Amino acid sequence: MADQSVDITEGCRLPVLRKNQENEDEWPLAEILSVKDISGKNLYYVHYIDFNKRLDEWVTPDRLDIKKLQFPKKEAKTPMKNGLPGSRPSSPERDVKKSLDLHVQSASAPSRGKTLPTLKRKAESVSLATQVTTATPVPSLPGSAEASQASVYPAMRDSSFSIKSRDEHEPLTSLTTNGTSSIQRHLIPPQPGRKRKSCGGTDEDSQDSSDGIPSAPRMTGSLVSDRSHDDIVTRMKNIDCIELGRHRLKPWYFSPYPQELTSLPILYLCEFCLKYLKSLKCLQRHLTKCNLRHPPGNEIYRKGTISFFEIDGRKNKAYSQNLCLLAKCFLDHKTLYYDTDPFLFYVMTEYDSKGFHIVGYFSKEKESTEDYNVACILTLPPYQRRGYGKLLIEFSYELSKVEGKTGTPEKPLSDLGLLSYRSYWSQTILEILMDLKSENGERPQITINEISEITSVKKEDVISTLQYLNLINYYKGQYILTLSEDIVEGHERAMEKRHLRIDPKCLHFTPKDWSKRGKW
């Protein structure tokens, strides 16, 4: 539908034909990011507005709806006078004074670019593999014992909600806490020096903004991207295809592999050391010399064909950097660092007669000041939707249990990561609640702290999960957790499908005290 007489440039927007999940034609609005000429025919790299970047692609002119073309809008500029903003006429003397002031200021003020600290680490992005989908709005809990005794979910039910009437109509499990003031201490842990968002129904889920604090990008610690490095190059996929063992993978996002490799139709990786090579012949020659049949590092878990290897980013730098480059192809909103020293990498593998094949991995900081037990987490596309993502998450919490800590994944989570974590948290917490036994005919009792200690899930994540599942209600001066039949049945169905589980008996792991710098 494209008219060749119209000049379609970068920044233009127009509807582009694509197939949806039902394999039906649709025309979403897209932005042209790049144009290239191949044999006299233009190809256009498009980003579908409000769609994930992994769907970006090169399209032919016949898929463009030129009738609805929108040209880039030019920004209005303030009228300039002698290079200065403003249009009011001024006397020659005032002009001279202004110019002198400007010269003095420019001489005394240091350049902005020079005052910014130069980061030694380089930029990656990461999805449990994605961009965060819109979180379900969750209202904040009351902040004090004097808070109003309305339901925690004002819009969920009438304020006249009665536990008794519900007991008469449908069976449910009720869990009470040890009194109002006690539960409030557990539900809202004190955070000195931090301000919570004002209470309301529009706060995002705490998985995306863990303490109710706006999730401003962090420039320290682990792999969070501040997005300031984004440009037209990093917005476009630069690798067409990756061959990794018996799998061929189509990357979702940009990854900073060497420029000379980006023009190849296929990039070949050794599946054991993850070294990148430009041709099949180079790979075959490399395999005759590569002695690895498993990731470098210590095997700390094995059950059946599943193994986990712990890799130190300082001791195995080349492998760690290659792993980050591969992961960046499927992760978009964190940062790839060449400095891997502060990180540990836990690689999950599947064993067969040829060796240990990488399935996925997660990384974590050796020392985290914010209780992060995961920095990046990824299940490779051939192994997705098979329970491996949840297994990686479960393993990260098993390590936290051995360390005697509670942990949380580094924010922001990708869309797929958020779904996996929500599912894991929900199943883990419901498993505990359903196993509680009543004593002396009374409702069983449990506190948020106890749930957190049993699971090693951070208290904020426990609270957000209970809110997400709509389990918390405020009744007669205390919070109660109500499990309806639908929740119970849904949980049982989900657990029947969850065949892969971590067996703590098969874990051989001794945590190290990384605060002693000699161990780095």
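Residues numbered from 1 in each chain as written. Predicted model: local features only at pLDDT ≥ 70, side-chain atom pairs only at ≥ 80, totals over all residues. Heavy atoms only, no water.

A. Region of the structure containing the overall build of the chain. Within the chain one finds 11 helices and 22 strands. Counting all 520 residues of the chain, 47% fall into the buried class. Accessible surface computed for the chain: about 27800 Å², of which carbon and sulfur atoms make up 51%. (Helix = DSSP H or I, 4+ residues; strand = E, 2+ residues; numbered from the N terminus. Buried < 20%, exposed > 50% of the residue type's maximum accessible area, 1.4 Å probe, protein only. Areas by Shrake-Rupley, 256 points an atom, 1.4 Å probe, with all protein chains shown as cover.)

B. Spotlight on the UniProt feature "active site" (unreviewed entry) in the chain. Here, UniProt's "active site" (unreviewed entry) annotation points to Glu410. Taking the relative accessible area as the measure of exposure, Glu410 reaches 1% and is therefore buried. (UniProt positions renumbered as here; feature names shortened; annotations may be inferred.)

C. A look at the packing of helix α7 (residues 388–403) against helix α8 (residues 415–435). Interaxial distance between α7 and α8 falls to 10 Å at its minimum, and their mutual angle equals 60 degrees. Classified by the interaxial angle, the pair formed by α7 and α8 is oblique. Between α7 and α8 lies a crossing of right-handed hand. Residues Lys390, Ile393, Glu394, Ser396 and Tyr397 of α7 pack against Ser420, Tyr421, Ser423, Tyr424, Trp425 and Gln427 of α8. For the contact of α7 with α8, the per-class residue count stands at five nonpolar, four polar and two charged. (Axes fitted to C-alpha atoms, helices over the stretch in contact; angles between N-to-C directions. Parallel < 35°, antiparallel > 145°, perpendicular 65-115°, else oblique. Left-handed = near helix turned anticlockwise from the far one by under 90°. Contact = heavy atoms within 4.5 Å. Nonpolar A, V, L, I, M, F, W, Y, C, P; charged D, E, K, R; others polar.)

D. Molecular detail of a positive patch on the surface. Together, Lys275, Lys278, Lys281, Arg285 and Lys289 line one region of the surface with positive charge. Looking at the element boundaries, Lys275 is found in the loop between β12 (267–269) and β13 (276–277). We classify Lys275 as partly exposed; its relative accessible area is 41%. (Patch = residues over 30% accessible without salt bridge, like charges linked within 9 Å, V, L, I, M, F, W, Y side chains within 5 Å. Salt bridge = Lys/Arg side-chain N within 4 Å of Asp/Glu carboxyl O. Lys, Arg positive; Asp, Glu negative; His and termini not counted. Charge placed at Lys NZ, Arg CZ, Asp CG, Glu CD.)

E. Structural context of the pairing of strand β16 (residues 343–352). Of all 10 residues making up β16, eight are buried, and the element is well covered by its neighbours. In terms of strand pairing, strand β15 (residues 306–312) meets β16 through seven bridges, oriented antiparallel. Its bridge partner being in β16, Ile306 is matched across the sheet by Glu350. Of the pairings in the sheet, the one linking β16 to strand β17 (residues 355–365) comprises 10 bridges and is antiparallel in character. (Pairing = 2+ DSSP bridges.)

F. Inspection of the sheet that holds β13 at higher detail. Strand order in this open sheet of four strands is β11-β10-β12-β13, and the pairing throughout is mixed. A single partner strand is all that each edge strand has here, and the edge strands are β11 (247–249) and β13. Of the strand pairs in this sheet, strand β10 (residues 242–244) and β11 are connected by three bridges, and their pairing is antiparallel. Looking at β11, one finds that Ile242 is bridged to Leu249.

G. Molecular detail of the nonpolar core. In this structure, Phe308, Leu326, Tyr361, Phe395, Leu433 and Leu466 are the most contacted members of the largest nonpolar core, which totals 80 residues. Element by element, the count of residues in this core is highest for α8, at eight residues. Those residues in contact with Phe395 that sit more than four places away from it in its chain are Ile300, Tyr301, Phe308, Tyr346, Phe362, Ile502 and Leu507. Core analysis: the next-biggest nonpolar cluster, separate from the first, contains 13 residues, Ile8, Val16, Val46 and Val59 among them. (Core = buried A, V, L, I, M, F, W, Y, C linked by side-chain atoms within 4.5 Å.)

H. Focus on the environment of Tyr346. By the element assignment, Tyr346 lies in strand β16. For Tyr346, a relative accessible area of 1% corresponds to the buried category. Beyond its immediate chain neighbours, meaning those up to four positions away, Tyr346 contacts Ile300, Phe309, Glu310, Gly360, Tyr361, Phe362, Lys364, Phe395, Leu399 and Phe509. A polar side-chain atom of Tyr346 sits 2.6 Å from a polar atom in the side chain of Glu310. (Polar contact = N/O pair within 3.5 Å; in protein donor to acceptor, adjacent residues only side chain to side chain.)

I. The arrangement of the pattern of salt bridges in detail. Following the criterion strictly, the structure yields 19 salt bridges and no others. Glu31 is the partner of Arg235 in a salt bridge, and the nearest nitrogen-oxygen pair spans 3.7 Å. What makes Glu31 buried here is its relative accessible area of 15%. In this structure, Asp415 engages Arg54 in a salt bridge whose closest nitrogen and oxygen atoms are separated by 3.3 Å. Put simply, Glu394, Glu431, Arg498 and Arg501 are held in one network by salt bridges that share partners.

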